[in-house]
2 protein chains.
Amino acid sequence: MIIEKIAESNFNDSVFDSKVFGKNFSDHMLIAHYKDGKWDEPKIMPYGPISVTPAAMSFHYGQTIFEGMKAYKNEDEEVFIFRPEKNFERFNKSAVRLNMPEVPAEIFLDGVKAIVDLDRQWVPKDYGTSLYLRPVMFATEEAVSARSSNEYIFCILLAFAPSYYEKPLSVKIADFYSRAAQGGVGSAKCGGNYAASFFPTSEAQKDGYDQVIWTDSIEHKFIEEAGTMNVMVRIGNKLLTAPTSERILNGVTRDSVLALAKDSGIDVEIRPISVEEMYEAYKSGELKEVFGCGTAVVVSTYNAIGFGDERAELAPLSDEESFATQLKKKLKDIQYGIAEDPYGWRVKIEETVNA
Amino acid sequence: MIIEKIAESNFNDSVFDSKVFGKNFSDHMLIAHYKDGKWDEPKIMPYGPISVTPAAMSFHYGQTIFEGMKAYKNEDEEVFIFRPEKNFERFNKSAVRLNMPEVPAEIFLDGVKAIVDLDRQWVPKDYGTSLYLRPVMFATEEAVSARSSNEYIFCILLAFAPSYYEKPLSVKIADFYSRAAQGGVGSAKCGGNYAASFFPTSEAQKDGYDQVIWTDSIEHKFIEEAGTMNVMVRIGNKLLTAPTSERILNGVTRDSVLALAKDSGIDVEIRPISVEEMYEAYKSGELKEVFGCGTAVVVSTYNAIGFGDERAELAPLSDEESFATQLKKKLKDIQYGIAEDPYGWRVKIEETVNA
């Protein structure tokens with residue numbers, strides 16, 4: 001790995017006062033090029049623009065995948081990342097589905113560790129804040145021809161993540177638009193899935209909702225994801241979530257929350273959840289909580305669900321009553337190095353680059 | 001429109017000897033920036049790389065749409081483009097669905113005309129060859145946050161198009177993978193649709209086919225598109241094609257071929273076509289032709305169709321018998337200024353920029 005350090009750091013403490021997610025980038029980025037069937041040596045260099053032809057294939061045919069991860073700092077100034085091997089594994093699954101080359105662990109995992117180490121001063125210490133890590137790969141071959149690219153850039157960017165989505169959100173259940181087709185790319189973390197979701201989300205916002213709960217594209221009868229997150233539904237004291245599939249992202253936060261829920265004695269069921277079941281539970285007063293899980297937001301609670309034209313308000317629960325609040329705290333306490341980590345999820349970033 | 005001409009043209013006749021589609025770019029490109037809710041003045045400048053942050057949102061969230069058009073030269077050195085208002089209209093429909101800003105006619109249409117005029121020596125004269133025009137828009141805001149971008153680049157690129165896909169192709173009917181969901185973005189010409197298709201296509205290639213005929217994502221019972229083209233099926237002397245929908249691209253070549261077919265006295269039916277109907281027709285000897293229609297290829301004939309594990313070979317037809325061959329010739333004769341254009345499809349590029 002080539003490391004070209006920035007001449008003078010752009011860091012100053014005021015970065016941590018920002019309320020904007022993903023706009024304040026750290027000093028460095030990692031770049032690796034794929035060409036002629038192989039990856040070159042990754043290079044960590046000062047963050048900044050790159051020279052790209054407007055004929056770069058990702059601008060035309062959308063071959064682009066990414067991951068979202070975070071780095072946390074504890075009271076002792078130790079820096080941790082969370083389950084990076086899960087993101088690494090999913091990234092390469094996305095790569096296969098998008099017909100892109102897989103990225104070796106020496107570039108992805110060692111790269112994440114090296115750049116977080118180098119930019120460790122950019123990792124904030126306040127509970128709820130973190131340094132967001134964005135591994136991304138996009139097609140760069142200079143060609144307007146509808147086929148897979150032969151050249152790619154893999155890149156890791158780091159940006160400050162303030163506390164996210166503090167207020168409960170409202171979500172509309174999709175009854176026309178879809179996020180993913182059967183036999184499509186719903187389980188891949190690829191750009192096209194996000195691009196396709198923005199217009200339906202803006203339509204839901206016109207109806208007074210913040211986000212969309214996506215449903216199956218066939219009959220809109222079963223819920224799949226919420227916004228850019230996996231979705232969990234609490235009916236009575238049962239926590240339900242849809243099984244992952246080729247349409248549903250295999251979320252790292254989803255997996256972690258499910259593990260914590262089971263180990264907290266919560267009754268967890270992984271099975272299809274119909275809109276009708278949710279609506280009936282709402283009517284009977286059994287729909288206690290609906291929340292999203294994802295790296296950026298950790299856990300996002302919903303206070304209103306749009307069933308067609310009906311806006312179902314969910315009564316707020318106390319912190320003691322709420323599964324979402326409890327599970328979010330348990331997860332964050334592990335991530336921030338406050339609680340024990342019986343799962344071995346935390347990975348400490350050793351000081352080597354700066355040593 | 002700002003025009004900054006290249007100091008010295010890169011043109012030489014050997015470009016026209018290339019057999020590669022979309023790799024030989026002309027002297028100029030058009031670039032317009034969208035920011036703060038408006039488009040700046042478009043600029044035609046020498047083709048070349050641009051400076052882009054790796055945090056440009058299109059690399060992450062895939063907001064990118066494009067069009068494909070062609071410029072043709074006749075024997076009198078006159079240059080024409082074909083039905084540009086159709087591409088303009090579709091481009092902006094794609095923009096709406098991807099939650100991107102619409103591009104005004106003064107940038108898109110006037111831009112296409114100005115740059116083709118300026119680079120008219122790059123338009124080849126040989127029948128079957130052309131200058132491919134690629135209007136494209138992609139998100140450029142510097143942010144890793146899953147939402148619509150507030151900044152975009154609209155760009156027009158021009159690249160030499162040799163005769164494309166001369167040999168008949170084989171196509172496998174999709175029975176697992178899908179191109180488009182109901183309520184999805186199948187009718188938009190957006191990057192994500194193409195990126196999602198490459199892996200299933202490579203799987204079909206492992207089975208000995210060139211491309212995929214996409215079917216509905218629900219039951220894989222009805223055919224939708226072929227490769228990156230609309231698909232037409234001739235059963236007996238009837239020409240069938242699927243109706244456009246939110247899943248199926250409203251192809252300009254499709255529309256033109258249908259008009260030519262109707263005016264040639266061919267019995268045309270626009271309706272869903274089931275895989276079963278095609279297979280039964282194959283068994284009874286009534287499946288005469290299957291072909292794709294698109295700007296890049298014009299018309300691409302198929303000589304074998306994969307129904308599950310069965311490879312159905314289609315007997316070749318003579319030029320006189322084949323609807324595909326006849327319709328392709330009629331369309332190209334209009335495009336190349338050989339035949340009359342009763343439809344008003346041809347648009348002459350006047351010499352103004354160089355005058």
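Not measured: the values here are computed from a predicted model. (Residues numbered from 1 in each chain as written. Chains lettered and ligands numbered in written order. Predicted model: local features only at pLDDT ≥ 70, side-chain atom pairs only at ≥ 80, totals over all residues. Heavy atoms only, no water.)

Asker: Help me understand the interface of chain A and chain B in this model?
Answerer: Interfaces are often sized by the accessible area lost when the parts come together. Each partner contributes to the interface: chain A provides 64 residues, whereas chain B provides 64 residues. Taken over both partners, the interface formed by chain A and chain B buries close to 5,100 Å², and the fraction arising from carbon and sulfur atoms is 62%. For the pair chain A and chain B, the number of links is two salt bridges. Counting across the chain A and chain B interface gives 34 residue pairs in polar contact (both at pLDDT 80 or more). Counting only elements with at least two residues in the side of chain A that touches chain B, the list comes to β5 (50-52), α1 (57-61), β6 (64-66), α2 (84-97), β9 (130-139), β10 (152-161) and α4 (191-206) of chain A. With nine residues, α4(A) is the largest single contributor of residues to the side of chain A that touches chain B. Its residues assigned to classes, the side of chain A that touches chain B comprises 36 nonpolar, 21 polar and seven charged. (Contact = heavy atoms within 4.5 Å. Buried area = accessible area lost by both parts, 1.4 Å probe. Salt bridge = Lys/Arg side-chain N within 4 Å of Asp/Glu carboxyl O. Polar contact = N/O pair within 3.5 Å; in protein donor to acceptor, adjacent residues only side chain to side chain. Helix = DSSP H or I, 4+ residues; strand = E, 2+ residues; numbered from the N terminus. Nonpolar A, V, L, I, M, F, W, Y, C, P; charged D, E, K, R; others polar.)

Asker: What is the right way to read the UniProt feature "modified residue: N6-(pyridoxal phosphate)lysine" (unreviewed entry) in chain A from this model?
Answerer: Residues and elements named next belong to chain A. Under the UniProt annotation, "modified residue: N6-(pyridoxal phosphate)lysine" (unreviewed entry) lies at Lys-189. Looking at where Lys-189 falls in the secondary structure, it is placed in the loop between β11 (169-173) and α4. Overall, the relative accessible area of 10% leaves Lys-189 in the buried class. (UniProt positions renumbered as here; feature names shortened; annotations may be inferred. Buried < 20%, exposed > 50% of the residue type's maximum accessible area, 1.4 Å probe, protein only.)

Asker: Explain the nonpolar core to me, please; I cannot follow it from the model alone.
Answerer: Within soluble globular proteins, side chains that are nonpolar tend to cluster in buried spots. Counting residues in hydrophobic clusters, the biggest one holds 139 residues, and the most contacted among them are Met137(A), Phe154(A), Val116(B), Met137(B) and Phe154(B). If we ignore the near neighbours within four places in the chain, the residues touching Val116(B) are Ala71(B), Val79(B), Val123(B), Leu133(B), Leu158(B) and Ile349(B). (Core = buried A, V, L, I, M, F, W, Y, C linked by side-chain atoms within 4.5 Å.)

Asker: What am I meant to see in helix α5 (residues 252-263) of chain B here?
Answerer: A turn of α-helix holds 3.6 residues, and therefore any two residues three or four places apart point the same way. Residues and elements named next belong to chain B. The end-to-end C-alpha distance of α5, which contains twelve residues, comes to 17 Å, matching closely the 16 Å that a straight helix rising 1.5 Å per residue would cover. Among the residues making up α5, those that are buried are Val-252, Thr-253, Arg-254, Ser-256, Val-257, Leu-258, Leu-260 and Ala-261. Phi for Gly-265, located one or two positions after α5, is positive at around 85 degrees. (Expected span 1.5 Å × (residues − 1).)

Asker: How should I be thinking about the relation of the copies chain A and chain B in this particular structure?
Answerer: Each of the two copies of the chain can be brought onto the other by a rotation about an axis and a shift along it. When chain A is brought onto chain B, the operation consists of a screw motion whose angular component is 180 degrees and whose axial shift is 0.0 Å, with 0.0 Å RMSD remaining. Taken together, the turn and the small shift mark the pair as related by a two-fold rotation axis. In this assembly, 100% of the residues forming the interface of chain A have copies in chain B that are likewise at the interface, indicating an isologous arrangement. (Least-squares fit on C-alpha atoms with pLDDT ≥ 70 in both.)

Asker: Would you mind going over the side chain of Lys172(A) with me for this structure?
Answerer: Residue position: Lys172(A) is located in strand β11. Contact partners of Lys172(A), with chain neighbours within four places excluded, come to Ala204(A), Asp207(A), Tyr209(A), Gln211(A), Val212(A), Ile213(A), Gly306(A) and Gly308(A).

Asker: Mind showing me how you'd approach the packing of aromatic side chains here?
Answerer: Each pair of aromatic rings is reported with the distance of its centres and the angle of its planes. The final tally for this structure, using the stated rule, is 51 aromatic pairs over all chains. Considering the side-chain rings of Phe176(B) and Tyr177(B), the 4.8 Å spacing of their centres and the 85 degrees angle between planes classify their relative orientation as edge-to-face. For Phe176(B), a relative accessible area of 46% gives the class partly exposed. In this arrangement the basic side chain of Arg346(A) is found over the ring face of Phe80(A), its NZ or CZ atom lying 5.2 Å from the centre. Above the plane of the ring of Tyr209(B) lies Arg311(B), whose end atom (NZ or CZ) is 4.9 Å from the centre. (Phe/Tyr/Trp six-rings, centres within 6.5 Å; stacked < 30°, edge-to-face > 60°. Lys NZ or Arg CZ within 6 Å of the ring centre and 35° of its normal.)

Asker: Could you clarify how one ought to interpret the domain arrangement of chain A in this entry?
Answerer: All names here are of chain A. Taken domain by domain, chain A comprises domain 1 (2-163) and domain 2 (169-335). The interface of domain 1 with domain 2 comprises 21 residues on the first partner and 23 residues on the second. In total, about 1,800 Å² of surface goes out of reach between domain 1 and domain 2, with carbon and sulfur atoms giving 58% of it. Counting the contacts that link domain 1 with domain 2 gives one salt bridge. The shortest N-O distance in the salt bridge between Asp-255 and Arg-83 comes to 2.9 Å. (Domains from an automatic or database assignment.)

Asker: Where do I start with the state of the cysteines in this structure?
Answerer: Each disulfide is one covalent bond, formed between the sulfur atoms of two cysteines. Counted according to the given criterion, the structure contains zero disulfides over all chains. Note on Cys190(B): no disulfide assigned, nearest cysteine sulfur contributed by Cys190(A) at a separation of 11 Å. (Disulfide = S-S within 2.5 Å.)

Asker: Hey, could you run me through the environment of Glu310(B) in this one?
Answerer: Residues and elements named next belong to chain B. Counting through the fold element by element, Glu-310 comes out in strand β19 (residues 310-313). Owing to a relative accessible area of 28%, Glu-310 belongs among the partly exposed residues under this scheme. For the pair Glu-310 and Ala-324, spaced 14 residues apart in the sequence, the C-alpha separation amounts to 24 Å. Not counting residues within four places of it along the chain, the set of residues in contact with Glu-310 comprises Tyr-209, Tyr-279, Tyr-282, Lys-283 and Ile-305.

Asker: Hey, could you run me through the pattern of salt bridges in this one?
Answerer: Charged atoms that come close allow side chains of opposite charge to pair. Residues and elements named next belong to chain A. Using the criterion set out here, one finds 44 salt bridges over all chains in the structure. Close ionic contact of Arg-271 with Glu-269 constitutes a salt bridge, the shortest N to O distance being 2.7 Å. Look at Glu-269 and you get partly exposed, because its relative accessible area is 22%. The salt bridge partner of Glu-277 is Arg-271, with a shortest N-O separation of 2.7 Å.

Asker: Please clarify how the packing of helix α2 (residues 84-97) of chain B against helix α3 (residues 105-118) of chain B should be interpreted in this entry.
Answerer: All names here are of chain B. Following both chains from N to C, one finds α2 and α3 inclined at 145 degrees, their axes separated by 11 Å at the closest point. Here α2 and α3 pass one another in a crossing that is right-handed. Contacts between α2 and α3 involve Pro-84, Glu-85, Asn-87, Phe-88 and Phe-91 from the former and Ala-105, Phe-108 and Leu-109 from the latter. Its residues placed into classes, the contact of α2 with α3 shows six nonpolar, one polar and one charged. (Axes fitted to C-alpha atoms, helices over the stretch in contact; angles between N-to-C directions. Left-handed = near helix turned anticlockwise from the far one by under 90°.)

Asker: What should I look at first to understand the packing of α5(B) against helix α7 (residues 323-335) of chain B in this one?
Answerer: The axes of two packed helices give the description: the angle between them and the distance between them. All names here are of chain B. Look at α5 against α7: their axes get within 10 Å of each other, and the N-to-C directions meet at 110 degrees. Accordingly, the angle class assigned to the pair α5 and α7 is roughly perpendicular. Of the residues in α7, those touching α5 at Thr-253, Ser-256, Val-257, Leu-260 and Ala-261 are Leu-327, Lys-330, Leu-331 and Ile-334. Considering only residue class, the contact of α5 with α7 consists of six nonpolar, two polar and one charged. (Parallel < 35°, antiparallel > 145°, perpendicular 65-115°, else oblique.)

Asker: Help me understand the pairing of strand β16 (residues 267-270) of chain B in this model?
Answerer: Moving residue by residue along a regular strand, the side chains alternate between the two faces of the sheet. Residues and elements named next belong to chain B. Pairing between strand β15 (residues 238-241) and β16: four bridges, direction parallel. From the neighbouring strand, Leu-240 faces β16, where its bridge partner is Glu-269. Assessed by its sense of winding, the connection that carries the chain from β15 through α5 to β16 is right-handed. (Pairing = 2+ DSSP bridges. Right-handed = clockwise from strand over helix to strand, strands pointing away.)

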